[in-house]
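Here is how the chains run, residue by residue.
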Amino acid sequence: MRIVADRARCEGLGMCEAMAPDFFEVGDDGTVTILDETPGEEHRAAVLAAVDACPVLALSLDG
Amino acid sequence: MDLVVVGASLAGLRAVESARRAGHTGPITLIGAEPHLPYDRPPLSKAFLCAGGPAQVRPFRGEAELRDELGVRLLLGTPAQTLDTVACEVSVGDQAVPYDALIIATGASPRPFPGTSGIAGVHQLRTSDDAVAIRSALDGGARTVVVGAGFIGSEVASAARARGHEVTVVEAASLPLSRSIGVDAGTVCADLHRANGTDLRLGVGVAAIESSDGRVTGVRLDDGTVLAADLVVVGTGVAPATGWLRGSGVPLHERDGGVLCDETLWTGVPGVYAAGDVAHVPNPLFDGDLMRLEHWTSAAEQGAAAARHALDPASARGLAPVPYFWSDWYGHRIQFVGTPDCDEVQVVDTDTFTALYRRGDRIVGALTVDRPREVMKFRKRIAERGDWSEALAFAGVSAREGAA
Ligand SMILES: Cc1cc2nc3c(=O)[nH]c(=O)nc-3n(C[C@H](O)[C@H](O)[C@H](O)COP(=O)(O)OP(=O)(O)OC[C@H]3O[C@@H](n4cnc5c(N)ncnc54)[C@H](O)[C@@H]3O)c2cc1C
Ligand code: SF4
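Everything numeric in this text was worked out from a predicted model, so none of it was measured.

### Overview of the interface of chain B and chain A
Line of reasoning, step 1. Of the residues lining the interface, 17 residues belong to chain B; the matching set on chain A comes to 19 residues.
Line of reasoning, step 2. Across the chain B/chain A interface, buried area totals approximately 1,500 Å², and carbon plus sulfur atoms make up 53% of it.
Line of reasoning, step 3. The interface formed by chain B and chain A contains five salt bridges.
Line of reasoning, step 4. Here Glu25(A) makes a salt bridge to Lys377(B), at a shortest N to O gap of 3.0 Å.
Line of reasoning, step 5. Across the chain B-chain A interface, the total number found is seven residue pairs in polar contact (both at pLDDT 80 or more).
Line of reasoning, step 6. Taken together, the elements giving at least two residues each to the side of chain B that touches chain A come down to helix 1 (10-21), helix 7 (296-311), strand 22 (324-329), strand 23 (332-338) and helix 8 (375-383) of chain B.

### Focus: the site of ligand 1
Residues and elements named next belong to chain B.
Line of reasoning, step 1. Every one of the 32 residues lining ligand 1 counts as a neighbour, but Ser9, Glu34, Arg41, Lys46 and Arg126 are closest to it.
Line of reasoning, step 2. With respect to ligand 1, the side chain of Glu34 contributes an N or O atom lying 2.6 Å from an oxygen atom.
Line of reasoning, step 3. Within the backbone of His295, one N or O atom sits 3.3 Å away from an oxygen atom of ligand 1.
Line of reasoning, step 4. Contact with the protein chains removes 93% of the 1,000 Å² of surface that ligand 1 exposes when unbound.

### So, the side chain of His295(B)
Residue and element names in this part refer to chain B.
Line of reasoning, step 1. Among the secondary structure elements, His295 is positioned in the loop between strand 21 (289-291) and helix 7.
Line of reasoning, step 2. A relative accessible area of 13% means that His295 is categorised as buried.
Line of reasoning, step 3. Apart from the residues lying within four places of it in its own chain, the contact partners of His295 are Asp277, Pro323, Tyr324 and Phe325.

### Some thoughts on the environment of Ala275(B)
Residues and elements named next belong to chain B.
Line of reasoning, step 1. Note on placement: Ala275 falls in the loop between strand 19 (272-274) and strand 20 (279-283).
Line of reasoning, step 2. Overall, the relative accessible area of 1% leaves Ala275 in the buried class.
Line of reasoning, step 3. When the C-alpha atoms of Ala275 and Ala307 are compared, they prove to be 9.1 Å apart, with 32 residues separating the residues in sequence.

### Remarks on the sheet that holds strand 21 of chain B
Residue and element names in this part refer to chain B.
Line of reasoning, step 1. Spatial strand order, 18-20-21: three strands in an open sheet with mixed pairing. Each of the sheet's edge strands pairs with one partner strand only, and the pair in question is strand 18 (259-260) and strand 21.
Line of reasoning, step 2. The pairing of strand 18 with strand 20 spans two bridges and is classified as parallel. Bridged to Val259 within strand 20 is Ala279.

### A word on helix 6 (residues 183-195) of chain B
All names here are of chain B.
Line of reasoning, step 1. Taking 1.5 Å of rise per residue, 13 residues should cover 18 Å, and helix 6 covers 18 Å from first to last C-alpha, within 8% of that figure.
Line of reasoning, step 2. All of the buried residues along helix 6 are Ala185, Gly186, Val188, Cys189, Ala190, Leu192 and His193.
Line of reasoning, step 3. The first or second residue beyond helix 6 is Gly197, which carries a positive phi of 85°.

### Quick look at the sheet that holds strand 11 (residues 167-171) of chain B
Residues and elements named next belong to chain B.
Line of reasoning, step 1. Here five strands make up an open sheet; going across it, the order is 9-16-10-11-12 and the pairing parallel. Unpaired on one side and paired on the other, strand 9 (122-123) and strand 12 (199-202) mark the two borders of the sheet.
Line of reasoning, step 2. Summarising the sheet, strand 10 (residues 144-147) and strand 16 (residues 231-234) pair through four bridges and their orientation is parallel. Residue pairing for strand 16: Val145 is matched across the bridge by Val232.
Line of reasoning, step 3. This element, helix 3 (residues 128-139), spans strand 9, strand 10 and strand 16 of the sheet and lies at about 145° to strand 16.

### Remarks on unusual backbone geometry
Backbone geometry follows two general trends: most residues other than glycine have a negative phi, and most peptide bonds adopt the trans configuration.
All names here are of chain B.
Line of reasoning, step 1. Phi at Asp213 takes a positive value of approximately 50°, unusual for a residue other than glycine.
Line of reasoning, step 2. Secondary-structure assignment places Asp213 in the loop between strand 13 (206-212) and strand 14 (215-221).
Line of reasoning, step 3. Look at Phe353: it is not a glycine, yet its phi comes out positive at around 120°.
Line of reasoning, step 4. Along the chain, Phe353 turns up in the loop between strand 24 (344-349) and strand 25 (354-359).
Line of reasoning, step 5. A relative accessible area of 5% places Phe353 in the buried class.

Calculation criteria
Residues numbered from 1 in each chain as written. Chains lettered and ligands numbered in written order. Predicted model: local features only at pLDDT ≥ 70, side-chain atom pairs only at ≥ 80, totals over all residues. Heavy atoms only, no water. Contact = heavy atoms within 4.5 Å. Buried area = accessible area lost by both parts, 1.4 Å probe. Salt bridge = Lys/Arg side-chain N within 4 Å of Asp/Glu carboxyl O. Polar contact = N/O pair within 3.5 Å; in protein donor to acceptor, adjacent residues only side chain to side chain. Helix = DSSP H or I, 4+ residues; strand = E, 2+ residues; numbered from the N terminus. Near = heavy atom within 4 Å. Areas by Shrake-Rupley, 256 points an atom, 1.4 Å probe, with all protein chains shown as cover. Buried < 20%, exposed > 50% of the residue type's maximum accessible area, 1.4 Å probe, protein only. Pairing = 2+ DSSP bridges. Expected span 1.5 Å × (residues − 1). Axes fitted to C-alpha atoms, helices over the stretch in contact; angles between N-to-C directions.

By themselves, these figures tell us nothing about what the structure is for.
Laid out in structure tokens, this is it:
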């Protein structure tokens, strides 16, 4: 599983960080940083919740 | 099992998607009053109104995708008229649509300004059709008056100022938004308007919207002032769209007619759940406060949960979310997490602006302006019922100073 972020789309709304703070963080520039792009399978639920929560649909999962 | 979802917007779409993800293989019908496929509303008052913004409102998903991949039967452009909770049927036009599980996701509609229907140049902003009309007025260089200094009206004012138009915002209260975010944050919002050249009139009501030959000419205030206008946007709040539920047995809130649910989004009527702007839901994280939120995030989350719970009530778990919304004014990002219903508000940063909200010895809310990195760290503390003095310390204020 790989997290794919469309940084041009990201508006820094932070819901991904709210759902899965171990994998996403919003910086001062107001865009997301992926802290770990390839989380282990055991984190799928949390990462999927983050992907679904993004209000501008900037996140997706590969695999 | 037949799943019927009424309201084809964010909450309704998320209900459909989550039903399929949860493995529901039975029929799904999505009923929507608007002729459009589900689309996203927040951009309507932001990017879409800007000069050079997107040309069209794009739906979340295409029709073929909804029909073929998600297997949804679409009934769009036709409102549900009544609900019969004994026969388990929704009436739409001349058909009766039977359900085993029903999701009410009809959202909310703006309250119109009395006596203005049919006057050209007077608009509300809820739908893509509204946004198209407002944008074309702005393209024409309209002198703009916004009635009500709420979030959506303020975003319209901001878009009109970005184009260099003359803009006045009229607000009957003495400060914008003080009921929803408190006095200090309301003051900051007022300052944002003024610093960006918007004429903000506080503490004065609108007596009438004036027109000539069916086209708006201006807004007359209670104090007799007349503001000339080519475009008037009325943003004085919304009411839950529940007219079709009257007499159905679904419990409605006595004040605003929103649907009353428990924390699993169940209405108490077998098989019937509600989600999004239409629903009042108690929140165990905030002493069980009944909340009807008009926020993107709660509509998305509740829509998904309502479908899972309706299809498998035994698995239903109560939600205890931290409410969250954002709003973009004049290039500034306002973010709010939690509840403004509190014992004390403390402004902890006057540089960009951060205010924290205390209930008892907990932090229950935070409002930030241009602090995208910090807001979710406050949200985490609110979700964990975090201690007030720790939150102040995190914000860089000593607890002693906080207690003084
Ligand atoms: C201009 C604008 C800007 C916004 N900006 C932000 C923002 O920046 N941040 C944020 O957090 N939130 C924002 N919001 C709020 C957010 O968009 C809403 O919370 C969200 O749309 C609610 O989704 P919903 O599905 O519950 O209801 P709605 O989106 O209101 O959808 C309800 C749907 O049901 C339909 N309907 C009504 N009655 C019937 C009936 N009888 N039969 C069938 N269909 C019916 C309606 O036509 C509508 O399409 C904004 C809203 C607007 C309008
Ligand atoms: S939720 Fe979406 S918009 Fe917000 S920071 Fe994450 S990726 Fe960016």
